[in-house]
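# Coordinates in review
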Amino acid sequence: MGIIVQKFGGTSVADPQKIHNVANAVIKEKENGNDVVVVVSAMGHTTDHLIKLAKEVTNTPDSREMDMLLSTGEQVSIALLAMAIQAHGHKAVSMNGQQVGIVTECIHSKARIVDIKTEKLQKKLQEGNIIVVAGFQGVTPDGEITTLGRGGSDTSAVAIAAALKADRCDIYTDVEGVYATDPRIVPNIQKTDVISYEEMLELASLGANVLHPRSVETAKQFNVPLRVRSSFKLDNLGTLIIGVENMEIYKPVAGVAADSSQVRILLSNLPDIPGTAAKLFGALAKNNISVDMIIQSLANNGTNSIAFTVSEDDLEDAIATLEAEKEITQSAQISTDKDIAKVSIVGAGMVDRPGIAADMFRSLADKGINIKMISTSEIKISCLVDKDKANDSIKALCKEFGLETTEMAVVKGDLPNV
């Protein structure tokens, strides 16, 4: 007997019938002889509805109160799923993040898990229960409720699997696995049977919504066997995510992702003195603003220009942070560009294979797509393009790197981006 952690998203528990379908999937795993812990998101679009309610009350809701509000969504779905499992004749108990013992940083709205107390989980499992856990939430050491950010239920599931030393963590979603890109854009895209943690982490960070990036990071760190599976085809094994050292790599590019939620910020006429970039990006980091692509250039008049991208959600805070650094930015010009998309190719097979970047740039040029910024890593190349060229870029790159198939992708519900 082993421990299996399963995670089901909001669309999988959107109504009573779907909740019973999930209960059947959970019970099937239990009847295979495994202890089962199930992590569940809020039903359907509950979180969006709660956010809308908060915005109708105030345009600037307090982050602590938002966590109090949003954490209620998962408590509804876990109670209903526990009831459904009980109705099928099996023992089940629902637990919120505080009851489980998911301890997080003292940061609201996007806290990171720092520890999971497994004593209660172990006790409930020993009593023969299927445990249904509220994803997306935790509690600080002094008892404050926190949330992990959108998609944080994936992180909850993988972290619990790591803490329990589970045999496997299955992430159930509306597609049959991880696709090389968005099937809405390239209908005959390949489904990936096996992908590395490294590749999946890059794709998740670049806008692919199959898995939360922190969940992949946690799985990689603790070597948690991870599968992405279909909520509608329970016998389909989906996509296995493993370490790159265990893979045979036949293609240089595993996937293509596009992120249209980025904004480019340009700072021009900055003083050309040591420490300027350190102060600016240090201030952004202090305010929990993540920066992605960065380019710095020296102007003819002895000043610097720095261009970088941030999430659109962080734009207002980023501008306010920069303007507060008056010692540096008082003589600078700050401009923004929202009409952009970051298009990326990812593949562990890029390592030591020259010409991949040239092939990418040529395929975009052949379609008349202009590149505004470029960033690279060992297994990733990203280009900033006009937002209305994102889909054309994806199609061109999928064709260039042989990611299409003769079969059409079969999907249901809200599609992820990869």
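Residues numbered from 1 in each chain as written. Predicted model: local features only at pLDDT ≥ 70, side-chain atom pairs only at ≥ 80, totals over all residues. Heavy atoms only, no water.

### Brief notes about the overall build of the protein chain
Along the protein chain, the regular secondary structure elements total 13 helices and 22 strands. Taken against the 2.2 N^0.38 rule, which gives 22 Å for 418 residues, the C-alpha radius of gyration of the protein chain at 23 Å falls within 12% of a compact globule. Dimensions of the protein chain, computed from C-alpha atoms along their principal axes, come out at roughly 75 × 50 × 40 Å. Here the protein chain, with 418 residues, has 51% of them falling under the buried criterion. Put simply, the protein chain has 41 plus and 54 minus side-chain charges, and the middle of one group is 3 Å from the middle of the other. (Helix = DSSP H or I, 4+ residues; strand = E, 2+ residues; numbered from the N terminus. Rg over C-alpha atoms; globule rule 2.2 N^0.38 Å. Buried < 20%, exposed > 50% of the residue type's maximum accessible area, 1.4 Å probe, protein only. Lys, Arg positive; Asp, Glu negative; His and termini not counted. Charge placed at Lys NZ, Arg CZ, Asp CG, Glu CD.)

### So, unusual backbone geometry
One non-glycine residue with positive phi stands out, namely Asn269, at about 60°. Tracing the backbone shows Asn269 in strand β16 (residues 262-271). A positive phi angle, close to 60°, is found at Asn288, a residue other than glycine. With respect to the secondary-structure elements, Asn288 resides in the loop between α9 (276-286) and β17 (291-298).

### Some words on the packing of aromatic side chains
Across all of its chains, the model carries two aromatic pairs by this definition. Relative to Tyr172, the ring of Phe8 has its centre 4.5 Å away and its plane inclined at 10°; by these criteria the two rings are stacked. Residue Phe8 is located in strand β1 (residues 3-8), and its partner Tyr172 is located in strand β9 (residues 168-173); the two are separated by 164 residues in the primary sequence. Overall, the relative accessible area of 1% leaves Phe8 in the buried class. A ring pair is formed by Phe281 and Phe308, whose centres lie 5.2 Å apart and whose planes are at 75°; its orientation type is edge-to-face. (Phe/Tyr/Trp six-rings, centres within 6.5 Å; stacked < 30°, edge-to-face > 60°.)

### Overview of the pattern of salt bridges
For the coordinates displayed, the defined rule picks out 20 salt bridges. Note that Asp193 is salt-bridged to Lys191, the shortest N-O span being 3.2 Å. Asp366 is the salt-bridge partner of Arg362, the closest N and O atoms lying 3.8 Å from each other. One end of the pair, Arg362, and the other, Asp366, are both in helix α12 (residues 356-366), four residues apart, so they sit about a helical turn from each other. Here Arg362 falls in the partly exposed class, since its relative accessible area comes to 36%. (Salt bridge = Lys/Arg side-chain N within 4 Å of Asp/Glu carboxyl O.)

### Points about α12
Within an α-helix, residues lying three or four positions from one another point in the same direction, as the helix has 3.6 residues per turn. Listed as buried for α12 are Ile356, Met360, Ser363 and Leu364. Buried positions in α12, seen along its axis, are confined to an arc of 100° and lie on one side of it. Those residues of α12 that are buried lie in contact with β20 (340-346), β22 (380-386) and α13 (390-400). Gly368, located one to two residues past α12, shows a positive phi value of around 70°. (Arc of directions from axis to C-beta. Contact = heavy atoms within 4.5 Å.)

### Observations regarding the sheet that holds strand β12 (residues 194-196)
One open sheet accounts for eight strands, arranged β3-β6-β2-β1-β9-β13-β14-β12; its pairing is mixed. Lying at the two open borders of the sheet, with one neighbouring strand each, are β3 (92-95) and β12. Adjacent strand axes in the sheet meet at a mean angle of 20°, parallel and antiparallel pairs treated alike. Two strands pair when backbone bridges link them, and β9 and strand β13 (residues 226-230) are joined in this way by five bridges, in the parallel orientation. Looking at the pairing, Cys169 lines up with Leu226 of β13. Contacting β1, β2 (35-40), β6 (130-134) and β9, helix α1 (residues 16-31) runs over the sheet at an angle of about 170° to β1. (Pairing = 2+ DSSP bridges. Axes fitted to C-alpha atoms, helices over the stretch in contact; angles between N-to-C directions.)

### Describing helix α3 (residues 63-87)
For α3, with 25 residues, the first-to-last C-alpha span of 37 Å sits near the 36 Å given by 1.5 Å per residue. Between the side-chain oxygen at the start of α3 and the backbone nitrogen of Arg64 there is a gap of 3.0 Å, and the oxygen is on Asp62. Two residues or fewer after α3 comes Gly89, characterised by a positive phi angle close to 90°. (Expected span 1.5 Å × (residues − 1). Polar contact = N/O pair within 3.5 Å; in protein donor to acceptor, adjacent residues only side chain to side chain.)

### Remarks on the side chain of Thr47
With respect to the element layout, Thr47 can be found in helix α2 (residues 46-57). Once residues lying within four places of it in the same chain are set aside, the contact partners of Thr47 are Ala42, Leu70, Glu74 and Arg150.

### Concerning empty space enclosed by the protein
Following the criterion strictly, the structure yields two cavities of 30 Å³ or more and no others. What the second largest cavity holds in volume is close to 50 Å³. Lining the second largest cavity are Ser71, Gln75, Asn96, Gly97, Gln98, Gln137, Gly138 and Ile145. At the level of elements, α3, α4 (97-100) and β7 (137-139) are the ones that each hand at least two residues to the lining of the second largest cavity. Its residues assigned to classes, the lining of the second largest cavity shows one nonpolar, seven polar and no charged. (1 Å grid on protein atoms, 1.4 Å probe; cavity = no way out; pocket = protein on both sides within 12 Å on 5 of 7 lines; lining within 4 Å. Points joined across faces, edges and corners; volume = space filled by probe spheres on them. Nonpolar A, V, L, I, M, F, W, Y, C, P; charged D, E, K, R; others polar.)

### Let's talk about the sheet that holds strand β19 (residues 333-337)
By way of backbone hydrogen bonds, the strands of a sheet pair with one another, either parallel or antiparallel. Strand order in this open sheet of four strands is β17-β18-β16-β19, and the pairing throughout is antiparallel. Looking at the sheet topology across the chains shown, the edges are occupied by β17 and β19. The average undirected angle you get between the axes of adjacent strands in this sheet is 15°. Relative to β19, β16 runs antiparallel, the two sharing five bridges. Paired with Ser268 across the two strands is Gln333, which belongs to β19.

### Describing the packing of α2 against α3
Running from N to C, α2 and α3 cross one another at 150°; their axes reach a closest spacing of 9 Å. Classified by the angle their axes make, α2 and α3 are roughly antiparallel. The chirality of how α2 crosses α3 is right-handed. Each of Thr46, Thr47, Leu50, Ile51 and Ala54 in α2 lies in contact with α3, whose residues at this interface are Met66, Leu69, Leu70, Thr72, Gly73 and Glu74. (Parallel < 35°, antiparallel > 145°, perpendicular 65-115°, else oblique. Left-handed = near helix turned anticlockwise from the far one by under 90°.)

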